[in-house]
Amino acid sequence: MGDTYKAVEVTTPGTLRVVERPIHEPGAGQVRIRVEACGVCHTDAATVTGIYPGLTLPRVPGHEVVGRIEALGSVASRWKIGQRVGVGLFGGEDGVCEPCRRGDIVNCQNPVTPGVNVDGGYAEVMIAEARGIASIPDELTSVEAAPLLCAGITTYNALRNAGLRGGDLVAVQGIGGLGHLGIQFARHMGFRTVAIGRGREKEKLAKDLGAHVYIDTAADDAAAVLQRMGGARAILATGTSGNAMGSLVPGLAAHGKLIVVGVPHDQIQLNAFPLVFGGRSIYGSLTGTPIDGEDTLAFSVLENIRPMIETLPLEQAADAYARMMQGKARFRMVLVTKDGVTQSAPAN
């Protein structure tokens, strides 16, 4: 394999460049992964632009990583050389902060975050914490699995942990990188699924993904339409407009929930009246643990849920990132390494 590997690092804010780095052995409790595919996520922008709190450069972005274990550190006995694994945004916990001690490790105050405080997957090789990796099922290619480790787990966990019942009216705002997966998960979880987008041209895609109803916000007041349908038990907000998110709260049923998984650039403006009168709520939902990642992958296999993907070689990471940031990707960009290209079929 050689003594070096190719990586794409942020050298200065806004600059992605291809470099050669020396290969290191994994430490105690770590594994070294030969990367096959890595998704490009909007969250990567905080690394590329250098605004993530506490970030130090240079840094390799990427937290939707799939590859094969090629070296084990000590105390990593559960995993095997050659096993295909994935790493998401949550790459490990400190185990000592209060959230961790209460079993809420996703909200660890000092997490290992690939692409932020450790190098991520825009590379041919990555060192990962053994406690932060998930097993990849044979039925998924590495390219398919990569976005499910972030966009997938984010939408899947938000819906399955919302206290909903089969047949409940659930709306998904936004038909993009998160939303196109949220619609699929909502439909296959047995919810009466409504997709909310702007423009009639998105209706066919929304219904192909599984939506029972499509609401075009360019023509209709989405909250009013939802109320005529009886009110949504939950609205999964995946879009990029805080103003659009806030305007949906009146479309919730009594005790309904607006679950925010997309992070808009503008503030979410709220009217307190529908919150107080009807006991409605708004809250955020963040990723999940490695075992949640395995649950997401297993459910995706069970119900044949797949992300819509465009691929580019690792060396074109800057182009993939620009395409994602410009909103041109349909709907997830995935970087493929030379090892990913040669792996025609997964085999754990």
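Residues numbered from 1 in each chain as written. Predicted model: local features only at pLDDT ≥ 70, side-chain atom pairs only at ≥ 80, totals over all residues. Heavy atoms only, no water.

If you walk across this open sheet you meet the six strands as 10-9-8-11-12-13, and the pairing is parallel. The open sheet is flanked by strand 10 (213-216) and strand 13 (281-284), the only strands paired with a single partner. Taken pair by pair, the neighbouring strands of this sheet meet at an average axis angle of 20°, ignoring direction. Sheet analysis places strand 12 (residues 252-260) next to strand 13, joined by four bridges and oriented parallel. Paired with Val260 across the bridge in strand 13 is Gly284. (Pairing = 2+ DSSP bridges. Helix = DSSP H or I, 4+ residues; strand = E, 2+ residues; numbered from the N terminus. Axes fitted to C-alpha atoms, helices over the stretch in contact; angles between N-to-C directions.)

Let us look at the packing of helix 3 (residues 142-160) against helix 4 (residues 179-188). As a packed pair, helix 3 and helix 4 sit with axes 9 Å apart at the nearest point and diverge in direction by 45°. With respect to each other, helix 3 and helix 4 are oriented oblique. At the point where helix 3 passes helix 4, the crossing takes the right-handed sense. Here Leu148, Ala151, Gly152, Thr155, Tyr156 and Leu159 of helix 3 lie close against helix 4, whose contacting residues are Leu181, Gly182, Phe185 and Ala186. Split by residue class, the contact of helix 3 with helix 4 holds seven nonpolar, three polar and no charged. (Parallel < 35°, antiparallel > 145°, perpendicular 65-115°, else oblique. Left-handed = near helix turned anticlockwise from the far one by under 90°. Contact = heavy atoms within 4.5 Å. Nonpolar A, V, L, I, M, F, W, Y, C, P; charged D, E, K, R; others polar.)

Before going further, it helps to spend a moment on the pairing of strand 12. With five bridges connecting them, strand 11 (residues 232-237) and strand 12 associate as parallel partners. Of the residues in strand 12, the one forming a bridge with Ala237 is Val260.

Okay, the confidence of the model for the protein next. Overall, the predicted model of the protein reaches an average pLDDT of 96, with 98% of residues at or above 70. For the stretch residues 344-348, pLDDT sits under 50, and the model shows 13 contacts to residues farther than four places along the chain or on other chains. (pLDDT = per-residue confidence, 0-100.)

To continue, consider helix 10 (residues 317-325). Of all the positions in helix 10, only Ala317, Ala320, Tyr321 and Met324 are classed as buried. For helix 10, the angular spread of buried residues about the axis comes to 100°, placing them on one side. Backbone geometry just after helix 10 places Gly327 at a positive phi near 75°. (Buried < 20%, exposed > 50% of the residue type's maximum accessible area, 1.4 Å probe, protein only. Arc of directions from axis to C-beta.)

Relative to the elements of secondary structure, Thr289 occurs in the loop between strand 13 and helix 9 (290-303). Aside from chain neighbours lying at most four places away, what touches Thr289 is Phe90, Ile105, Val106 and Ile153.

Looking now at the side chain of Thr337. Turning to its location among the elements, Thr337 is positioned in the loop between strand 15 (332-336) and helix 11 (338-342). Discounting residues that sit within four places of it in the chain, Thr337 has contacts with Val35, Glu36, Ala123, Glu124 and Leu314.

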